[in-house]
Amino acid sequence: MNLTDLTFVQDFIGLAADASEKEWHERNGGNLSYRIRTEEMDFTRLRFAPELKETGEWTRIGVSVPELAAECFLVTGSGKFMQHVGESPEENLAIVQIDTRGENYCVLWGLEKGGRPTSEFPTHLMNHAVKKRTTDGLHRVIYHAHPVDTIALTFVLPLNNRTFTRELWSMITECPIIFPEGIGVLPWMMPGGREIAEATSDLMKTFNVVVWAHHGVFCSGATFDEAFGLMDTIEKAAEIAVKVRSMGGKKNDITMKNLKDLAKEFDVTLNPDMLD
Ligand code: 13P
Ligand code: ZN
């Protein structure tokens, strides 16, 4: 057995493979991170000790995440292509550990030909910190992609949570059931830094989806399937929205009453900020 055969590594590779089939990952676009369970990391240390580097070289994260002190993450490398993750995970991925203050990280495994974790690591970690707290540790996956139609919509819709939520809720009957809290939207911001990490994680307190205008989407989930499925649902709803608009706009619609009936039937609470 190799380290890359571990279930959480295989599940990570599975998402990367599914994602590569979509048109959301041009070149190195998009990135993925997983907060490794304590028992998974204990087993990894026990079974693969010789493969783990203990360099003691710490690098500043650029944001402060004390909630994630000593946690370990599996994460894509900066500049690495999602489509290459499966063929050489040891070159394209890293297992990193956060220090006891939540200020620095050190690479324990991977990035064999050099590199560093994704440039969006500050956003990933701040989202993980929020989700660890707000979901009682349930959410472990943060996924960023560049899905075509969702990005296209950010050029025509007003950039606010309510407009995007209502537009996407109305495109597929199951959307309000899949993301009843709605989605968050940020205006264009400089990627890769502290400011966008803070703004995104602030919206992640309420939402599991945050759209970055003219750039892409961040999703959070308890599992790889959940995070990927959420991205897929958002993008499919956006694709329908683009098609409807290209055909001259809505002539019929799901009504507010339909949405409220749906919520009652499926026992979900729709975010009241998005309702009339
Ligand atoms: P990385 O290659 O650093 O992960 O960047 C890709 C990206 O999508 C930045 O937003
Ligand atoms: Zn991006």
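K.L.:
Would you take a moment to explain the coordination of the zinc ion (ligand 2) for this structure?
P.N.:
Geometry reference: four tetrahedral donors at a metal, ideal angle 109.5 degrees. Six octahedral donors, ideal angles 90 or 180 degrees. At this site the zinc ion (ligand 2) is bound by His144 (NE2), His146 (NE2) and His215 (NE2), with donor distances of 2.1 Å. Each donor residue of the zinc ion (ligand 2) lies on one chain, and together they are spaced H-x1-H-x68-H. Of the two residues, His146 sits in the loop between strand E6 (141-145) and helix H5 (148-153) while His215 sits in the loop between strand E8 (209-212) and strand E9 (216-221), which places them 69 residues apart along the sequence. Taking relative accessible area as the criterion, His215 reaches 15% and is therefore assigned buried.

K.L.:
Would you take a moment to explain the site of ligand 1 for this structure?
P.N.:
If you check the shell around ligand 1, you find Asn28, Gly29, Gly30, Asn31, Ser78, Gly79, Thr118, Ser119, Glu120, His144, His146 and His215 and nothing else. Side-chain polar atom of Asn31 to an oxygen atom of ligand 1: 2.8 Å apart, as the coordinates give it. Within the side chain of Glu120, an N or O atom sits 2.5 Å from an oxygen atom of ligand 1. For ligand 1, the protein covers 91% of the area, taking 310 Å² as the surface of the free molecule.

K.L.:
Looking at this model, I keep getting lost on the packing of aromatic side chains. Mind explaining?
P.N.:
Within a pair of aromatic rings, the relevant descriptors are the distance that separates the centres and the angle that separates the planes. Inspection of the entire model under this criterion finds eight aromatic pairs. Measuring from centroid to centroid gives 5.6 Å for Trp24 and Phe228, while their planes differ by 35°, and the two rings are tilted. One end of the pair, Trp24, is in the loop between helix H1 (7-21) and strand E1 (31-35); the other, Phe228, is in helix H9 (residues 224-246), and 204 residues separate them in sequence. Judged by relative accessible area, Trp24 falls into the buried class, the value being 4%.

K.L.:
Would you mind going over the pairing of strand E5 (residues 104-110) with me for this structure?
P.N.:
In the case of a regular strand, side chains alternate between the two sheet surfaces. Within E5, seven of the seven residues are buried, leaving the element largely enclosed by the surrounding structure. The pairing of strand E4 (residues 93-98) with E5 spans five bridges and is classified as antiparallel. The residue bridging Ile95 from the neighbouring strand is Trp109, located in E5. Counting the residues between successive antiparallel strands, the hairpin from E4 to E5 contains five residues, one of them, Gly102, with a positive phi of roughly 75°.

K.L.:
Sorry, what's going on with the sheet that holds E8 here?
P.N.:
The strands making up a sheet are joined through hydrogen bonds of the backbone, oriented either antiparallel or parallel. Here we have nine strands laid out as an open sheet, ordered E2-E5-E4-E3-E1-E6-E9-E8-E7, and mixed in their pairing. Two strands in the sheet have a free side with no partner beyond their single neighbour: strand E2 (59-60) and strand E7 (184-186). With four bridges connecting them, E1 and E6 associate as antiparallel partners. Each bridged residue has a counterpart across the sheet, and for Ser33 the counterpart in E6 is Ile142. Each of E1, E6, E8 and E9 is contacted by H9, which is oriented at about 145° to E9, the strand it contacts most.

K.L.:
Mind showing me how you'd approach the pairing of E6 here?
P.N.:
Burial runs high along E6: five of the five residues are buried. Bridge analysis of E6 against E9 gives five bridges, and the strand direction is antiparallel. Along E9, the bridge assignment pairs Tyr143 with Cys219.

Quick notes on the rules
- Residues numbered from 1 in each chain as written.
- Chains lettered and ligands numbered in written order.
- Predicted model: local features only at pLDDT ≥ 70, side-chain atom pairs only at ≥ 80, totals over all residues.
- Heavy atoms only, no water.
- Donors = N, O, S within 2.8 Å, 3.2 Å for Na, K, Ca; no water.
- Helix = DSSP H or I, 4+ residues; strand = E, 2+ residues; numbered from the N terminus.
- Buried < 20%, exposed > 50% of the residue type's maximum accessible area, 1.4 Å probe, protein only.
- Near = heavy atom within 4 Å.
- Polar contact = N/O pair within 3.5 Å; in protein donor to acceptor, adjacent residues only side chain to side chain.
- Areas by Shrake-Rupley, 256 points an atom, 1.4 Å probe, with all protein chains shown as cover.
- Phe/Tyr/Trp six-rings, centres within 6.5 Å; stacked < 30°, edge-to-face > 60°.
- Pairing = 2+ DSSP bridges.
- Contact = heavy atoms within 4.5 Å.
- Axes fitted to C-alpha atoms, helices over the stretch in contact; angles between N-to-C directions.

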